[in-house]
Amino acid sequence: MPVDKITIVLGALGVGIGLGLQNIVNNFVSGIILIFDRPLQIGDIVEVGNPAGRVHAGRVREIGLRSSTLLTADGAEIIIPNGDILSEQIVNWTLTNTQRRLEMDLVIQGSNDMERVCAVLKAALLDGRYITKEREPQVLFLKLHENGFALKLFFWCREAAKAEEAKSEALILIQEKLMKNNLVLEEG
């Protein structure tokens, strides 16, 4: 067999193997970067992806050399190649603290007294298990109604992983406190 034909076959084989290994090497190097740079750690609550596209969210379960695993709130495990993690946007909700700011849009009827409504809402949130008391809730009034207000309520959840529970609890506490003060919560 002529040497030039063997050289062509070996060259083509080398290019094919090189292209096939490129992705594996990329994920391996990305895994090393993730392990040493530590933009995310095991146990962190993260969102990985492009906000305009697909976003994966969950708790980091494992960081390997080739891929990392996220455990979603639904119980699914998402295995993401490390190269994809480093090439996408990472939102780490627990890198430096576990708190997360939440917001709710509300329409309150039954009073034109802004200070009273604000005080009632803040007092309601102080009873929450998931809501931090160290950071005072904020009430921003957006629109005046005939006998009430449209507003935006901001408050802090103790644990980013419990954000949905905190919102639900806040809604229950707000409804109870409003009823005691002859105020009505309407759909916003």
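Definitions and cut-offs
Residues numbered from 1 in each chain as written. Predicted model: local features only at pLDDT ≥ 70, side-chain atom pairs only at ≥ 80, totals over all residues. Heavy atoms only, no water. Helix = DSSP H or I, 4+ residues; strand = E, 2+ residues; numbered from the N terminus. Buried < 20%, exposed > 50% of the residue type's maximum accessible area, 1.4 Å probe, protein only. Pairing = 2+ DSSP bridges. Axes fitted to C-alpha atoms, helices over the stretch in contact; angles between N-to-C directions. Expected span 1.5 Å × (residues − 1). Arc of directions from axis to C-beta. Contact = heavy atoms within 4.5 Å. Phe/Tyr/Trp six-rings, centres within 6.5 Å; stacked < 30°, edge-to-face > 60°. Lys NZ or Arg CZ within 6 Å of the ring centre and 35° of its normal. Core = buried A, V, L, I, M, F, W, Y, C linked by side-chain atoms within 4.5 Å.

Asker: Would you mind going over the overall build of the chain with me for this structure?
Answerer: Regarding its fold elements, the chain presents 4 helices and 9 strands. Its helices and strands taken in sequence order, the chain reads α-β-β-β-β-α-β-β-α-β-β-α-β from the N to the C terminus. If one aligns the C-alpha atoms of the chain with their principal axes, the spans along those axes are about 95 × 30 × 25 Å. Within the chain, buried positions represent 33% of all 188 residues.

Asker: Would you explain the pairing of strand β4 (residues 77-81) in this entry?
Answerer: Along any regular strand, the residues point their side chains to alternate faces of the sheet. Of the two faces of β4, the one holding Ile78 and Ile80 is buried and the one holding Glu77, Ile79 and Pro81 is not buried anywhere. As paired elements, strand β3 (residues 67-71) and β4 share 5 bridges and run antiparallel to each other. When the sheet's bridge partners are listed, Thr69 is paired in β4 with Ile79. Hairpin connection of β3 to β4: 5 residues between the antiparallel strands, including Gly75 at a positive phi of 95°.

Asker: It is not clear to me how the sheet that holds strand β1 (residues 45-49) should be interpreted in this structure. Could you clarify?
Answerer: Paired through backbone hydrogen bonds, the strands of a sheet run either parallel or antiparallel to each other. Read from one edge to the other, the open sheet built from 5 strands follows the order β4-β3-β2-β1-β5, with strand pairing classed as antiparallel. One side of each edge strand has no neighbouring strand; the edge strands of this open sheet are β4 and β5 (90-92). Direction aside, neighbouring strands of the sheet carry axes that sit 40° apart on average. As defined by bridge partners, β1 adjoins β5 across 3 bridges and the pair is classed as antiparallel. Across the sheet, the residue bridging to Glu47 is Val91, located in β5.

Asker: Just checking my understanding: could you explain helix α4 (residues 163-180) for this structure?
Answerer: Quick reminder: α-helices carry 3.6 residues per turn. Residues three or four places apart thus point the same way. With 18 residues, α4 should reach 26 Å at 1.5 Å per residue; the first-to-last C-alpha distance of 26 Å fits that figure. Those residues of α4 not exposed but buried are Ala163, Ala166, Glu169, Ala170, Leu173, Ile174 and Leu178. Down the axis, α4 shows its buried residues gathered within 160° of arc, on one side only. Opposite the packed face of α4, turned more than 90 degrees from it, sit the exposed residues Glu164 and Met179. Of the surrounding elements, those touching the buried residues of α4 are β6 (100-109), α3 (114-125), β8 (148-157) and β9 (184-186). Of the residues one or two after α4, Asn182 is the one with positive phi, at around 55°.

Asker: Just to check I follow, could you spell out the packing of aromatic side chains for this structure?
Answerer: Geometry of an aromatic ring pair is reported as the spacing of the ring centres plus the angle between the planes. For the coordinates displayed, the defined rule picks out 1 aromatic pair. Arranged with centres 5.0 Å apart and planes meeting at 65°, the rings of Phe141 and Phe149 form a pair that is edge-to-face. Taking the relative accessible area as the measure of exposure, Phe149 reaches 1% and is therefore buried. The ring of Trp93 carries the charged tip of Arg100 above its face, separated from the ring centre by 3.9 Å. For the cation-ring pair, Arg135 lies above Trp156, with the distance from its terminal atom to the ring centre recorded as 3.7 Å.

Asker: Would you take a moment to explain the nonpolar core for this structure?
Answerer: Nonpolar side chains in soluble globular proteins tend to end up buried together. Core analysis: the largest hydrophobic core is formed by 23 residues, its most contacted members being Leu106, Ile108, Leu121, Leu151, Leu153, Phe155 and Ile174. Contributions of two or more residues to this core are made by β6, α3, β8 and α4. Among the elements that line this core, the one with the most residues is α3, at 6 residues. With sequence-adjacent residues up to four places away left out, Ile174 is seen in contact with Leu106, Leu121, Ala124, Leu125 and Leu153.

Asker: I would appreciate a short explanation of α3 in the present structure.
Answerer: With 12 residues, α3 ought to run about 16 Å at 1.5 Å a step, and its terminal C-alpha atoms sit 17 Å apart, in line with that. Structurally, α3 contributes buried residues whose contacts are with β6, β7 (138-145), β8 and α4.

Asker: What exactly am I supposed to notice about the environment of Ala124 here?
Answerer: Along the chain, Ala124 falls in helix α3. Here the alpha-carbon distance between Ala124 and Phe154, two residues 30 residues apart in the chain, equals 13 Å.

Honestly, it's all geometry; don't read function into it.
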